[in-house]
Amino acid sequence: MEASPYLPALDYISNRMDGVQGFLSPLDAGLFLALDLAQKGAGVAGDMAEIGVLHGRSAFLMAHLLRPEERMQAIDIFDLYWPNPPYNHPDAFIGNALELGFDLGRFNLVKADTTKEPARVLETVGQGKARLFHVDGDHRLTHILADSKIALEATSPDGVIVFDDVFSYLMPEVTEGILTTFKGRTDFVPLALSPNKAYFCPPHLKSRYAAYVIECLPNNLDTEVRRLLDHWVITFSAEKPVVLRYFDKMGGGGGEVLHRNIQGRNIDFSLPP
Ligand SMILES: C[S@@+](CC[C@H](N)C(=O)[O-])C[C@H]1O[C@@H](n2cnc3c(N)ncnc32)[C@H](O)[C@@H]1O
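Residues numbered from 1 in each chain as written. Predicted model: local features only at pLDDT ≥ 70, side-chain atom pairs only at ≥ 80, totals over all residues. Heavy atoms only, no water.

Draft legend 1. Up close: the site of the ligand. Taken together, 20 residues lie near the ligand, and Gly52, Ser58, Asp76, Asp113 and Asp136 sit nearest. Between phenylalanine 23 and the ligand, the recorded distance is 3.4 Å, taken from a backbone N or O atom to an oxygen atom. Starting from 610 Å² of accessible surface for the ligand in isolation, the protein chains cover 91%. Across the shell around the ligand, the residue classes tally to six nonpolar, eight polar and six charged. (Near = heavy atom within 4 Å. Polar contact = N/O pair within 3.5 Å; in protein donor to acceptor, adjacent residues only side chain to side chain. Areas by Shrake-Rupley, 256 points an atom, 1.4 Å probe, with all protein chains shown as cover. Nonpolar A, V, L, I, M, F, W, Y, C, P; charged D, E, K, R; others polar.)

Draft legend 2. Looking closely at the nonpolar core. Residues Leu33, Phe60, Leu61, Tyr199, Leu217 and Phe236 are the most contacted members of the largest nonpolar core, which totals 61 residues. Ranked by the residues each element gives to this core, the list is headed by helix H2 (residues 26-42), at nine residues. Beyond its immediate stretch of four places on either side in the chain, tyrosine 199 contacts Asp28, Leu31, Phe32, Leu35, Val160, Ile161, Val162, Val189, Pro190, Leu191, Ala192 and Ser194. Counting 29 residues, the second largest nonpolar core, distinct from the first, contains Leu122, Val125, Phe200 and Leu228. (Core = buried A, V, L, I, M, F, W, Y, C linked by side-chain atoms within 4.5 Å. Buried < 20%, exposed > 50% of the residue type's maximum accessible area, 1.4 Å probe, protein only. Helix = DSSP H or I, 4+ residues; strand = E, 2+ residues; numbered from the N terminus. Contact = heavy atoms within 4.5 Å.)

Draft legend 3. Here's a closer look at the sheet that holds strand S2 (residues 72-76). Strand order across the open sheet formed by nine strands is S3-S2-S1-S4-S5-S7-S6-S9-S8, with mixed pairing between neighbours. Two strands bound the open sheet, and with one partner strand each, they are strand S3 (107-111) and strand S8 (224-228). The average angle at which neighbouring strand axes cross in this sheet is 20°, direction not considered. Two elements, strand S1 (residues 47-51) and strand S4 (residues 130-135), share five bridges in a ladder whose sense is parallel. By the bridge assignment for S4, glutamate 50 is matched with histidine 134. Seen against the sheet, helix H6 (residues 141-154) touches S1, S4 and strand S5 (155-164) and runs at an angle of roughly 155° to S5. (Pairing = 2+ DSSP bridges. Axes fitted to C-alpha atoms, helices over the stretch in contact; angles between N-to-C directions.)

Draft legend 4. Molecular detail of helix H7 (residues 172-182). For H7, the complete set of buried residues consists of Val174, Thr175, Gly177, Ile178, Thr181 and Phe182. Buried residues along H7 sit in contact with H6, S5 and strand S7 (197-201). Trailing H7 by a residue or two, glycine 184 shows a phi angle of about 80°, which is positive.

Remember that the coordinates give geometry; whether it matters functionally is a separate question.
In structure tokens form, the structure reads like this:
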């Protein structure tokens, strides 16, 4: 039987991700895979992008999901202000990428302070080009507002934007910045919340993305439907071991059968009062 195209990503999550410094959790890794699968089923194409790559923990998972013609836009301040902080030497990212066996051509390293040069970042990443954009840079308010603006412009109208630490009591500026940015927006609306991240997608694909997220993640995560900014949103409970369904069996036509099954049951919920 043909091997599943998701095996490298599964191997990375299970065996290698913990060797890379950073914060992506297995639950969010599972959500990234489910969203990628939804996009591949719907023919949504484009690069992946991340503001704040640090040493690559989340960027490498995203890179594992790229189609051959797609690239990982890895945006970070890196050593721009050396010897002053923040300081993140790109060699750590590059060294990890090589150790994991990546072709460096898959990455476009964008060294920038996103609050100082948003136009250059956007020009490099491309308007509307990213199908999955992960915002995980500095968590102060000016940064959140600047980074959300870049993400909203750089993400494809069919894509997904993910923000880190949106509802952490330790990072109230992220909460403020995200609620300010998304209140009343109609192009990107809340889709899902994990303990660490908030996911936003365009309304015309929300029921499709929701079906993949619910179908592909295990059913022991106490999933609920709640209300955020006048939209329903799927919430997942605190961390538990995440055993992803289906991804190891996607080869040899398994993917097509799964897409047919999931696409037959797009999920829409009524808005909780
Ligand atoms: C929390 S870490 C990212 C973690 C990473 N995404 C992961 O899950 O492994 C935040 C990153 O944002 C970068 N950063 C901080 N301020 C920035 C700025 N103004 N522009 C671009 N990157 C910035 C830092 O260099 C750091 O690598």
